[in-house]
Amino acid sequence: MDSEPPDIWKRFDTNVVTHSAAHHIVAIATLLERNGYARVSDVARTLNITRGSASLTLKTLREKGLVEEDENRFLRLSDRGEAIATAVVGKKRLIHKFFCDVLGVPEEAAEVDTCKIEHLVGPRTSRQLARFLHFVESDDPRAKEFLGAWVKCKASRAGGPDSQPAYDPDGVSEMRAEEKQQPDA
Ligand SMILES: [Zn+2]
């Protein structure tokens, strides 16, 4: 069942940005767009963390050349930082849409799970996801038929993926047990 190369998870640790760093970068982009400026204290307030904590992460991001600070302590994103912000925001939108609009995951759970993976999904997967969403939302009759069938399958327990405990190749029953323990995480 588990066919992924054994070391794949370790690559997440060598990503250019950590999860926390991705949120700092997006916070700067959002503040710049909304207010025209972003300081360490603004980032801290946006992320609901201490100034000291924001300052520490932003220092690392400056060292990586993703964030810049001018002589008046106003923050900017470098071109690379800007590209990361755009990519994370774009992926977030796609994944959230897929979870909510296609899979029918409740808003709050979709929000939490999108947050966990938005910065990890690679460009090829997000491009295919964008193409998939574009297809299912199109006027193509095959898309309508597919969505209609999925909506019916989702609504009825019979024939749905959680109705066949005897055949459970994807560990659905284990997932449901986990769901009972952690409702939305
Ligand atoms: Zn997140």
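Quick caveat: nothing in here was measured; it's all calculated off a predicted structure.

A. Up close: the overall build of the chain. Scanning the chain for helices and strands turns up eight helices and two strands. Summarising the internal contacts of the chain: among those between residues at least 6 apart in sequence, 45% fall at separations of at least 24.

B. Layout of the nonpolar core. Among the nonpolar cores identified, the biggest contains 20 residues, and Ile 25, Ile 28, Val 43 and Val 67 are the most heavily contacted of them. Elements with a contribution of two residues or more to this core: helix H1 (19-35), helix H2 (40-47), helix H3 (51-63), strand E2 (75-77) and helix H4 (79-103). The greatest single-element share of this core, amounting to six residues, is contributed by H1. Residue contacts for Ile 25: discarding those within four places in its chain leaves Val 17, Leu 61, Leu 66, Leu 77, Gly 81, Ile 84 and Ala 85.

C. Examining H2 more closely. Listing the buried residues of H2 in full gives Val 40, Asp 42, Val 43 and Ala 44. Summarising the contacts, the buried residues of H2 are in contact with H1 and H3. One or two residues past the end of H2 sits Asn 48, with phi positive at roughly 60°.

D. Representation of H3. Between its first and last C-alpha atoms H3 spans 18 Å; for 13 residues at 1.5 Å apiece the expected length is 18 Å, and the two agree. Looking only at H3, the buried set comprises Ala 54, Thr 57, Leu 58 and Leu 61. Projected down its long axis, H3 shows its buried positions confined to an angular sector of 100°, all on one face. The outward face of H3, more than 90 degrees from its buried face, is lined by the exposed residues Gly 52 and Glu 63. Considering only its buried residues, H3 is in contact with H1, H2 and strand E1 (67-69). Positive phi appears at Gly 65, one or two residues downstream of H3, with a value of about 75°.

E. Inspection of unusual backbone geometry at higher detail. In this structure, Asn 48 takes a positive phi of about 60° despite not being glycine. Relative to the elements of secondary structure, Asn 48 occurs in the loop between H2 and H3. On the basis of neighbour counts, which here come to 6 C-beta atoms within 10 Å, the residue Asn 48 falls in the exposed class. One non-glycine residue, Arg 73, adopts positive backbone phi at about 65°. Mapping Arg 73 onto the fold places it in the loop between E1 and E2. Take Arg 73: there are 9 C-beta atoms within 10 Å of it, and that puts it in the exposed class.

F. Representation of the packing of H2 against H3. One can describe the packing of H2 onto H3 by two numbers: an axis separation of 8 Å at closest approach and a directional angle of 110°. One finds that H2 runs roughly perpendicular with respect to H3. For the element pair H2 and H3, the recorded crossing hand is right-handed. Residues Val 40, Ser 41, Val 43, Ala 44 and Leu 47 of H2 lie in contact with H3, whose contacting residues are Arg 51, Ala 54, Ser 55 and Leu 58. Taken together, the residues that form the contact of H2 with H3 break down as six nonpolar, two polar and one charged.

Conventions adopted
Residues numbered from 1 in each chain as written. Predicted model: local features only at pLDDT ≥ 70, side-chain atom pairs only at ≥ 80, totals over all residues. Helix = DSSP H or I, 4+ residues; strand = E, 2+ residues; numbered from the N terminus. Contact = placed C-beta atoms within 7 Å. Core = buried A, V, L, I, M, F, W, Y, C linked by C-beta atoms within 7 Å. Buried ≥ 20, exposed ≤ 12 C-beta atoms within 10 Å, placed from the backbone. Expected span 1.5 Å × (residues − 1). Arc of directions from axis to C-beta. Axes fitted to C-alpha atoms, helices over the stretch in contact; angles between N-to-C directions. Parallel < 35°, antiparallel > 145°, perpendicular 65-115°, else oblique. Left-handed = near helix turned anticlockwise from the far one by under 90°. Nonpolar A, V, L, I, M, F, W, Y, C, P; charged D, E, K, R; others polar.

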